[in-house]
Amino acid sequence: SVGGRIANHLGKNHSVVFTNASVNGSKMHNLIERKVPNEKQDLAVLIISSNEVIRFTKFSDLELDTRKVLERFSQLAKKVILIGPANVGKARFLPLGLRAAYLLRGPRYVKILKEVSSNFSNVIYIDSINPAKELGKYKREYYSSDTLHPNDQGHQYRNKMIKPYL
């Protein structure tokens, strides 16, 4: 997983306590009330927005929920990394009409996440649909057989996206 790779990377030079609090199928609004540690954390990594695209979350709801989540997590952690949605419109198992809708709506979700993130000095937004040029494009061989979720190579790639911010 991306979290495990981050913990391994940081653990080379630091004492690391890693907690994976992910819940499959979560949307941004689920993080508003999710139980979090009482003590200040050094880092929080949120990989949370692909389900927003898949479930057609209203843009206004995503903006409001993201603001609430980042207010909460920016107080909890010294640094927050928010990783944007995958390009779910590329998933081949989905019907063409849905894929087209996801491809059209995905960039709007990215824009909202970027804009809201920019209001918090300790939040870093990582765009996984349009990664930094030096990383190259997210390739088809980075996906599992469902062409939606990352495989081991895909997790390695996402880890490369995060490492500069650790």
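Refer to the structure above for everything that follows.
Remember, predicted model here, so these are calculated numbers, not experimental data.

## Section: helix α4 (residues 96-117)
Here is step 1 of the chain: Taking 1.5 Å of rise per residue, the 22 residues of α4 would be expected to cover 32 Å, and the 31 Å separating its terminal C-alpha atoms lies within 8% of that figure.
Here is step 2 of the chain: Taken as a whole, α4 carries its principal kink of about 30° at arginine 105; the proline proline 107 stands between one and four residues after it.
Here is step 3 of the chain: Those residues of α4 lying buried are Tyr102, Gly106, Tyr109, Val110, Ile112, Leu113, Val116 and Ser117.
Here is step 4 of the chain: Its buried side turned inward, α4 meets α2 (50-54), α3 (59-76), β2 (77-83) and β3 (123-126).

## Some details on the packing of aromatic side chains
Here is step 1 of the chain: Summed over the entire model, instances satisfying the criterion amount to 3 aromatic pairs.
Here is step 2 of the chain: The interplanar angle of 35° and the centroid separation of 5.1 Å between the aromatic rings of tyrosine 142 and tyrosine 157 together place this pair among those described as tilted. Of this pair, tyrosine 142 sits in the loop between β3 and α5 (152-162) while tyrosine 157 sits in helix α5, and the two are 15 residues apart along the sequence. Across this residue pair, the class does not change: tyrosine 142 and tyrosine 157 are buried.
Here is step 3 of the chain: The cationic tip of arginine 108 hangs over the ring face of phenylalanine 59; the distance from NZ or CZ to the ring centre is 4.3 Å.

## What about the environment of threonine 19?
Here is step 1 of the chain: Mapped onto the elements of the fold, threonine 19 is located in the loop between α1 (2-11) and β1 (41-47).
Here is step 2 of the chain: Since its relative accessible area comes to 64%, threonine 19 is described here as exposed.
Here is step 3 of the chain: A C-alpha to C-alpha distance of 21 Å links threonine 19 and proline 85, two positions 66 residues apart in sequence.

## Observations regarding the packing of α1 against α5
Here is step 1 of the chain: Between α1 and α5, whose axes approach to 9 Å, the crossing angle comes to 50°. Between α1 and α5, the crossing angle belongs to the class labelled oblique. Crossing handedness for the pair α1 and α5: right-handed. Note on element contacts: α5 touches α1 through Asp152, His155, Gln156, Arg158, Asn159 and Ile162, opposite Val2, Arg5 and Ile6.

## A look at the sheet that holds β3
Here is step 1 of the chain: A sheet is described by the order of its strands in space; here 3 strands give the open sequence β1-β2-β3, paired in parallel fashion. Single-partner strands in this sheet number two, and they are β1 and β3. In this sheet, neighbouring strand axes are inclined to one another by 15° on average, regardless of whether the strands run parallel or antiparallel.
Here is step 2 of the chain: Sheet topology note: the β2/β3 ladder contains 4 bridges and is parallel. Within β3, the position partnered with valine 80 by the bridge is valine 123.
Here is step 3 of the chain: Packing against the sheet, α3 makes contact with β1, β2 and β3, and its axis sits at approximately 145° to β2.
Here is step 4 of the chain: Here α5 sits on the sheet and contacts β1, β2 and β3; the angle it forms with β2, its principal contact strand, is near 135°.

The rules behind the values
- In this numbering scheme, every chain counts its residues from 1 along its sequence in written order.
- At least 70 in pLDDT is required for a residue's local features to be given in this predicted model, at least 80 for side-chain atom pairs to be given and counted, and no such filter applies to totals for whole chains, interfaces and linings, which use all residues.
- Remark: hydrogens and water are excluded; side-chain values derive from all non-hydrogen atoms of the structure.
- Secondary structure elements follow DSSP: runs of H or I of four or more residues count as helices, runs of E of two or more count as strands, with numbering from the N terminus.
- Expected span of a helix: the number of residues minus one, times 1.5 Å.
- We define the bend at each residue as the angle formed by axes fitted to the 7 residues ending at it and the 7 residues starting at it.
- Burial classification: accessible surface area is computed with a 1.4 Å probe over protein chains only, and a residue below 20% of its type maximum counts as buried, one above 50% as exposed, and the rest as partly exposed.
- Pairs of residues are marked as contacts when any of their non-hydrogen atoms sit within 4.5 Å.
- Only rings of Phe, Tyr and Trp enter the pairing, Trp through its six-membered ring, and a pair is recorded when the two centres are within 6.5 Å. The plane angle decides the type: under 30 degrees is stacked, over 60 is edge-to-face, the rest tilted.
- Working rule: Lys NZ or Arg CZ, within 6 Å of ring centre, within 35 degrees of ring normal, means a charge sits over the ring.
- Note on geometry: axes are C-alpha line fits, over the in-contact stretch for helices, and angles between N-to-C directions span 0 to 180 degrees.
- Roughly parallel refers to an angle under 35 degrees, roughly antiparallel to one over 145, roughly perpendicular to one between 65 and 115, and oblique to any angle outside these ranges.
- In this scheme, a crossing is called left-handed if the near helix is turned counterclockwise away from the far one by less than a right angle; it is called right-handed if the turn is clockwise.
- Note on pairing: two strands pair once DSSP finds at least 2 bridges between them.

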